[in-house]
Amino acid sequence: MSFASDTKKIICKQSEKVSNCCELSELAAILCFAGSLEIKKGITHLKVVSENASVAQRLCVLLSCLGLNDIKIQAPTSVGGWYVVRIHGDRLDNLADALGMIQDGEVVLYPSDNVIKFECCMLSFIKGAFLGGGSITSPDKEYHAEFVTKVPKLADILMQLLASLEIKAHLTVRKEQFVVYIKESESIASLLGSIGAGSAMMELYYIKIE
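Residues numbered from 1 in each chain as written. Predicted model: local features only at pLDDT ≥ 70, side-chain atom pairs only at ≥ 80, totals over all residues. Heavy atoms only, no water.

A. Up close: helix H4 (residues 89-98). Buried within H4 we find Leu 92, Leu 95 and Ala 96. All buried residues of H4 lie within an arc of 95° about the axis, which places them on one face of the element. Of the exposed residues in H4, the ones pointing more than 90 degrees away from its buried face are Asp 90, Asn 94 and Asp 97. Its buried side turned inward, H4 meets helix H2 (20-34), strand E2 (43-50), helix H3 (53-64), strand E3 (83-88), strand E4 (102-103) and strand E5 (106-107). In the stretch just after H4, Gly 100 is the one whose phi turns positive, near 65°. (Buried < 20%, exposed > 50% of the residue type's maximum accessible area, 1.4 Å probe, protein only. Helix = DSSP H or I, 4+ residues; strand = E, 2+ residues; numbered from the N terminus. Arc of directions from axis to C-beta. Contact = heavy atoms within 4.5 Å.)

B. Highlighting empty space enclosed by the protein. A complete count under the given rule lists one cavity of 30 Å³ or more for this structure. Forming the boundary of the largest cavity are Ile 30, Ala 34, Val 48, Val 49, Ser 50, Val 55, Ala 56, Leu 59, Tyr 83 and Val 85. Elements with a minimum of two residues in the lining of the largest cavity: H2, E2, H3 and E3. Classifying every residue of the lining of the largest cavity by side-chain character gives nine nonpolar, one polar and no charged. (1 Å grid on protein atoms, 1.4 Å probe; cavity = no way out; pocket = protein on both sides within 12 Å on 5 of 7 lines; lining within 4 Å. Points joined across faces, edges and corners; volume = space filled by probe spheres on them. Nonpolar A, V, L, I, M, F, W, Y, C, P; charged D, E, K, R; others polar.)

C. Structural context of the packing of helix H5 (residues 119-133) against helix H6 (residues 152-164). Contact geometry for H5 and H6: axes closest at 10 Å, N-to-C directions at 125°. Taken as axis vectors, H5 and H6 run oblique relative to one another. Once H5 is placed against H6, the crossing between them reads as left-handed. Residue-level contacts link Met 122, Phe 125, Ile 126 and Ala 129 of H5 to Leu 154, Ile 157, Leu 158, Leu 161, Leu 162 and Ser 164 of H6. (Axes fitted to C-alpha atoms, helices over the stretch in contact; angles between N-to-C directions. Parallel < 35°, antiparallel > 145°, perpendicular 65-115°, else oblique. Left-handed = near helix turned anticlockwise from the far one by under 90°.)

D. How the structure looks around the packing of aromatic side chains. Applying the stated criterion across every chain, the model contains two aromatic pairs. For the ring pair Phe 130 and Phe 147, a centre distance of 6.3 Å and an interplane angle of 75° mean the geometry is edge-to-face. Here Phe 147 lies in strand E7 (residues 145-149) and Phe 130 lies in helix H5, a separation of 17 residues in the sequence. The residues Phe 130 and Phe 147 share a single accessibility class, namely buried. Members of the aromatic cluster, joined through ring pairs, are Phe 33, Phe 130 and Phe 147. (Phe/Tyr/Trp six-rings, centres within 6.5 Å; stacked < 30°, edge-to-face > 60°.)

Right under this line is the structure:
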């Protein structure tokens with residue numbers, strides 16, 4: 001496994017029961033960063049994909065907290081494939097409403113401010129953003145972490161949250177995608193510590209010392 005995959009697995013394994021507001025924040029971030037909207041026969045579908053089994057399982061756990069217990073993971077048919085979760089119809093409408101992801105009657109891939117108004121929820125949202133659309137390079141190669149999305153509003157929200165934690169991030173556009181990236185080692189360490197990846201943070205510090 002890569003350093004990024006190992007880090008996500010650690011975060012999911014160590015995730016403990018949190019308040020309902022934080023569950024909603026983390027869930028909203030995973031759905032927004034890993035999801036895409038499709039319209040088939042007039043019905044909006046949310047397709048959420050991840051190459052990490054732990055993230056897919058974490059997503060289903062969070063969905064079950066809202067009563068969506070029977071949504072299944074479509075496992076990859078080959079090594080290196082993607083895990084897929086699909087949500088549509090009334091389930092999607094109710095879920096999007098609970099997460100503040102409805103604007104002018106339409107489902108959007110960013111939450112309302114109410115979902116991330118507390119500091120604990122901000123941290124949960126950043127954690128979900130990393131699980132859904134984040135990656136990090138092994139620190140023995142270079143210092144680089146990034147979050148990728150096609151939604152400019154979502155990138156702006158994440159930039160504001162990172163700034164509130166004094167994590168120095170930058171925003172760029174790459175192949176029609178908005179990339180929030182972090183290059184400074186201290187900021188990456190702060191990010192890892194904030195989202196529950198303490199062992200990955202310590203590994204970064206050990207490598208930096210060496």
